[in-house]
Amino acid sequence: RQAREQAADVQASIAEATRVAGAMEKVATSMSTSVESVKTTVAINREIADRQKLVTVLQSRAYLAVLFQGMVEQDRTTGIRFEPRIQIVNKGNTPAYDIRFSMAADVQPFPLSNEFTFPLPEEPARFSSLISPSLTKFINAVVPELYGEAEAGQIRSGGARRVVSWGLIRYRDAFDIDRKSTRLNSS
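Residues numbered from 1 in each chain as written. Predicted model: local features only at pLDDT ≥ 70, side-chain atom pairs only at ≥ 80, totals over all residues. Heavy atoms only, no water.

S.K.: Could you give me a rundown of the pattern of salt bridges, with the residues and numbers involved?
M.R.: Scanning all chains against the criterion turns up nine salt bridges. Ionic pairing is found between Arg 85 and Glu 83, a salt bridge with its closest N-O pair at 2.9 Å. Residue Glu 83 is classed as buried on the basis of its relative accessible area of 11%. Between Glu 151 and Arg 161 there is a salt bridge, and its shortest N-O distance comes to 3.2 Å. (Salt bridge = Lys/Arg side-chain N within 4 Å of Asp/Glu carboxyl O. Buried < 20%, exposed > 50% of the residue type's maximum accessible area, 1.4 Å probe, protein only.)

Structural data, given as structure tokens:
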């Protein structure tokens, strides 16, 4: 009789252990599902944070725009050559820093040939200051030679040859990212 009771107790213990093992397996499965859910949530939150950071940078950074402002006319009596004037405007919401530009001007046949390479000076000029939002700076380039009065008159009238200016502006934004403007061209 004692052996039967012990056998019944052992079977009851085995049954209880089996029930507990089954419950633990369900807990482990549930925990695994929870871990995967947390991983997915963390990945989604990281993606949202990265996207928000990008949106913040795009909304807040400096955007330099280039506007043609006019031309200083050639004057043979004073030696002044044609000089296109360009205005750089910060259209963004934070300052542009460490501004560097390369700009050139020349008289070229118009329209420009597809083979024209827009050569720039080797060393870019530097501004020692920044351009705050909505503020401007002016840059210029001078054509390399003086022209006779008849030829200068034809250039002024916008005929087959015109003063053309081109350049490139580089700067650093408030997020310490190096940026550049598109190539600027004017005639």
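S.K.: Tell me what's going on with the nonpolar core, and back it up with residues and numbers.
M.R.: Soluble globular proteins tend to bury their nonpolar side chains together. Within the largest apolar cluster, 21 residues are counted, with the highest numbers of intra-cluster contacts made by Leu 64, Phe 82, Ile 139, Val 143, Tyr 147 and Ile 169. Mapped by element, the contributors of at least two residues to this core are strand 2 (83–90), strand 3 (97–109), helix 2 (149–156) and strand 6 (161–172). It is strand 3 that provides the largest number of residues to this core, a total of five residues. In terms of nonpolar packing, the next biggest core, distinct from the first, is built from five residues, Ala 104, Phe 116, Val 164 and Trp 166 among them. (Core = buried A, V, L, I, M, F, W, Y, C linked by side-chain atoms within 4.5 Å. Helix = DSSP H or I, 4+ residues; strand = E, 2+ residues; numbered from the N terminus.)

Limitation: the analysis is restricted to geometry and does not speak to function.
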